[in-house]
Amino acid sequence: MIEIFRHDIVIVGGGCAGIRAAIAAVEASPGVSVAMVSKVYPMRSHTVSAEGGAAAVARDDDNFEMHGFDTVKGSDFLGDQDVIQYFVQEAPKELIRLEHWGCPWSRNDDGTVATRASAA
């Protein structure tokens, strides 16, 4: 017998972006039914595969333009560039929010979240 599940929202992806989207959906509508679907085990998500690093302008040697270009290039130029621009501007705030929520980032020796230049 096949069991069918019904949800109001289905999020594809179990990394930080997917988890954050699920949290935002429930914050906006507490009674909403949210499902997350991932082709990999959650601890093997893209975020974790990036060694716990984060994609946000959080270092002096980075800037919004470089992060935006890396993101556009990483999407093979198929990403919505207005959405990417918004994402790049909001990412540092989300990094701090996830930090306050206890996200297990890789850390520098001084305790700050480890970030690095993208290789897109």
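Whatever comes next refers back to the structure up there.
The rules we used
Residues numbered from 1 in each chain as written. Predicted model: local features only at pLDDT ≥ 70, side-chain atom pairs only at ≥ 80, totals over all residues. Heavy atoms only, no water. Helix = DSSP H or I, 4+ residues; strand = E, 2+ residues; numbered from the N terminus. Buried < 20%, exposed > 50% of the residue type's maximum accessible area, 1.4 Å probe, protein only. Contact = heavy atoms within 4.5 Å. Areas by Shrake-Rupley, 256 points an atom, 1.4 Å probe, with all protein chains shown as cover. Core = buried A, V, L, I, M, F, W, Y, C linked by side-chain atoms within 4.5 Å. Phe/Tyr/Trp six-rings, centres within 6.5 Å; stacked < 30°, edge-to-face > 60°.

Participant: I'd like a rundown of the overall build of the protein, residues and numbers included.
Facilitator: Looking only at helices and strands, the protein features 4 helices and 2 strands. When the helices and strands of the protein are listed from N to C terminus, the series reads β-α-β-α-α-α. Looking at the protein residue by residue over its 120 residues, the buried ones come to 27%. Sequence-distant contacts, at least 24 apart, represent 56% of the contacts inside the protein between residues at least 6 apart. Surface summary for the protein: the accessible area is close to 8,800 Å², and the carbon and sulfur share equals 58%.

Participant: Kindly report on the environment of Gly68, identifying the contributing residues and their values.
Facilitator: Position of Gly68 among the secondary structure elements: in helix 3 (residues 64-74). In this structure Gly68 comes out as buried when scored by relative accessible area, which is 15%. Spatially, the C-alpha atoms of Gly68 and Gln81 are 8.3 Å apart, while their sequence positions differ by 13 residues. Setting aside residues up to four positions removed in sequence, Gly68 forms contacts with Ile84 and Val88.

Participant: Tell me about the nonpolar core, and please be specific about residues and values.
Facilitator: Of all hydrophobic cores here, the largest spans 8 residues; its members are Cys16, Ala56, Ala91, Leu95, Leu98, Cys103, Trp105 and Val113. With 3 residues, helix 4 (residues 81-100) is the single largest residue contributor to this core. Ignoring sequence-local partners within four residues, the contact set of Ala91 consists of Ala55, Ala56 and His67.

Participant: I'd like a description of the packing of aromatic side chains, backed by residues and values.
Facilitator: Scanning the entire structure with this criterion turns up 1 aromatic pair. A ring pair is formed by Phe69 and Phe77, whose centres lie 6.4 Å apart and whose planes are at 65°; its orientation type is edge-to-face. A relative accessible area of 47% places Phe69 in the partly exposed class.

Any functional reading would require information beyond the geometric quantities listed.
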